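Structural characterization, general
Residue-level listing of the chains:
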Amino acid sequence: MSEVFKGVSRIKYEGPESKNPLAFKHYNPEELVGDKTMEDHLRFSVAYWHTFTGQGVDPFGAGTMNRPWDQASDPLSAAKERMVAAFEFMSKLGVPYFCFHDRDIAPEGANLRETNKNLDVIVDLAKQLMKETGIKLLWGTANLFTHPRYVHGAATSCNADVFAYAAAQVKKALEITKELGGENYVFWGGREGYETLLNTDMKLELDNFARFLHMAVDYAKEIGFTGQFLIEPKPKEPTKHQYDFDAASVHAFLQKYDLDKHFKLNIEANHATLAGHTFQHELHYARINGLLGSVDANQGDTLLGWDTDQMPTDLYTTTLTMYEILKNGGLAPGGLNFDAKVRRGSFELNDLFYGHIAGMDAFAYGLKVAHKLLQSGELEQFIEERYASYRSGIGKQIVDGTADFKQLEAYALELPEVTNQSGRQEVLETIINRYLIQG
Ligand code: XUL
Ligand code: CO
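The sections below set out a description of the structure shown in this document. (Residues numbered from 1 in each chain as written. Chains lettered and ligands numbered in written order. Predicted model: local features only at pLDDT ≥ 70, side-chain atom pairs only at ≥ 80, totals over all residues. Heavy atoms only, no water.)

Moving on: a nonpolar patch on the surface. A surface patch of nonpolar side chains, amounting to about 480 Å² of accessible area, comprises Ile383, Tyr387, Tyr390, Ile398 and Val399. Within the secondary structure, Tyr390 is located in the loop between helix 13 (378–386) and helix 14 (393–400). For Tyr390, a relative accessible area of 39% puts it in the partly exposed group. (Patch = residues over 30% accessible without salt bridge, like charges linked within 9 Å, V, L, I, M, F, W, Y side chains within 5 Å. Areas by Shrake-Rupley, 256 points an atom, 1.4 Å probe, with all protein chains shown as cover. Salt bridge = Lys/Arg side-chain N within 4 Å of Asp/Glu carboxyl O. Helix = DSSP H or I, 4+ residues; strand = E, 2+ residues; numbered from the N terminus. Buried < 20%, exposed > 50% of the residue type's maximum accessible area, 1.4 Å probe, protein only.)

In structure tokens, the structure reads:
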């Protein structure tokens, strides 16, 4: 297929004053922030499904997207044209990584054998294009939610045949992820959950889910796949209650089933808010538990109660996200994957560039601000002082584990009235605003 994104050349950095919608205002890949380049800090990835496969369908309306590759005569030819166009787009955008589900890149055939053959054809093409462009695979995954066979779940289905089919699909997805040098492998369990407990054996489903993940770990070992395994929490949608509800519930699950050494988390902004948390809460919880592996970068809409997967443009959130990522020592081998789609009304091809440039600039800006904020140590200093009572006296005894209830009672009985200090939330929010405005 000839050039698809005509009239667009490699997107360049033009600086904050630029008004060119096809230029970066803040993302300057080679620019050093601290000891790393922006490119190395941010590890941007394009999500194949939203950007190349999504057609702008919603529950009330048909697709709206102008996507020349969808005009091809048959699904396999469309998949090839789509892949070539994807690499043209990603090269012009200058992103180092992409991510896919098996079914985004190649169509299902009449049976699993044919489907796997289709995948092999497209994986060969992807391999060649990756070699030509230098673009790498951040992660692969299997789509265990679209096909009607997964109506009752995949690894948590009530039907053992479905469990087996899902296992075969993940086996193949692991093989192709390895083949393409994928640095991670993601499990997102959109159908792993239930609609009603009236028909659900929750204990068996959870045990089976763990069995499935252990099998994946064993198979990865067997074939020598050394990428990082990631679980992506989400509380609901499409299933009413999803088992991987949020970072804390996945953490408990991993610990219970002895999987915590093998998995980290892929935290997604809009999933955090659906779970009633801020994005920063989920990132922070994962980080302090050594589980922050990768990020699906997007944003929701406070007025809408579902996963709108919008391009992340909110600078406050990108700043606090990068603050957590810097405190995590970065994300590698994970990255920032734009699990985000342009709005249904943004159906022109160039909207794909505008959307990604907006997200990349918002994260580059957030990175710069978060770096300055961290260097200043203003927030850390405040928190350190706030907890000073645990560094000496009775507080130190509590932390060292040498105090017990009887000792604490004796101490409390002798205490004069307790005095507390202000949490000064507004002062701290003003500090963030100061750095945000300065840029
Ligand atoms: C769905 C979602 C998925 C995962 C990969 O909400 O985020 O696209 O990122 O399966
Ligand atoms: Co996601």
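As a packed pair, helix 13 and helix 16 (residues 425–438) sit with axes 10 Å apart at the nearest point and diverge in direction by 165 degrees. Looking at the two axes, helix 13 sits roughly antiparallel to helix 16. In this structure, helix 13 crosses over helix 16, and the sense of that crossing is left-handed. Note on element contacts: helix 16 touches helix 13 through Leu428, Ile431, Ile432, Arg434 and Tyr435, opposite Glu378, Leu379 and Phe382. A breakdown of the residues in the contact of helix 13 with helix 16 according to their chemical character gives six nonpolar, no polar and two charged. (Axes fitted to C-alpha atoms, helices over the stretch in contact; angles between N-to-C directions. Parallel < 35°, antiparallel > 145°, perpendicular 65-115°, else oblique. Left-handed = near helix turned anticlockwise from the far one by under 90°. Contact = heavy atoms within 4.5 Å. Nonpolar A, V, L, I, M, F, W, Y, C, P; charged D, E, K, R; others polar.)

With that settled, the discussion passes to the side chain of Thr115. Along the polypeptide, Thr115 turns up in helix 5 (residues 112–133). For Thr115, a relative accessible area of 1% translates into the label buried. Setting aside residues no more than four positions away along its own chain, Thr115 makes contact with Arg103, Pro107, Glu108 and Gly109.

Below, the discussion takes up the coordination of the cobalt ion (ligand 2). Around the cobalt ion (ligand 2), the protein contributes the donor atoms Glu232 (OE), Glu268 (OE), Asp296 (OD) and Asp339 (OD), which lie 1.9 to 2.1 Å from the metal centre. Taken together, the six donor atoms coordinating the cobalt ion (ligand 2) and their angles of 79 to 172 degrees define a geometry best described as octahedral. Along the chain, the residues donating to the cobalt ion (ligand 2) are arranged with the sequence spacing E-x35-E-x27-D-x42-D. With Glu232 in the loop between strand 10 (228–231) and strand 11 (241–242) and Asp339 in the loop between strand 14 (336–338) and helix 12 (349–376), this residue pair connects regions lying 107 residues apart in the sequence. The burial state of Glu232 is the same as that of Asp339; both residues are buried. (Donors = N, O, S within 2.8 Å, 3.2 Å for Na, K, Ca; no water. Tetrahedral: all angles 85-135°; square planar, octahedral: opposite > 155°, others 65-115°.)

This paragraph deals with the sheet that holds strand 8 (residues 184–187). With parallel pairing, the eight strands of this closed barrel are ordered in space as 5-6-7-8-10-12-13-14. Taking the axes of each pair of neighbouring strands and ignoring which way they run, one obtains an average angle of 30 degrees across the sheet. (Pairing = 2+ DSSP bridges.)

A few words now on the site of ligand 1. Close contacts around ligand 1 come from Trp49, His101, Trp139, Trp188, Glu232, Lys234, Glu268, His271, Asp296, Asp307 and Asp339, and that covers them all. His101 is positioned with one of its side-chain polar atoms (N or O) 2.7 Å from an oxygen atom of ligand 1. Taking Glu268, its side chain carries an N or O atom lying 2.8 Å from an oxygen atom of ligand 1. Looking at side-chain class alone, the shell around ligand 1 contains three nonpolar, two polar and six charged residues. (Near = heavy atom within 4 Å. Polar contact = N/O pair within 3.5 Å; in protein donor to acceptor, adjacent residues only side chain to side chain.)

Keep in mind these values describe shape, not function.
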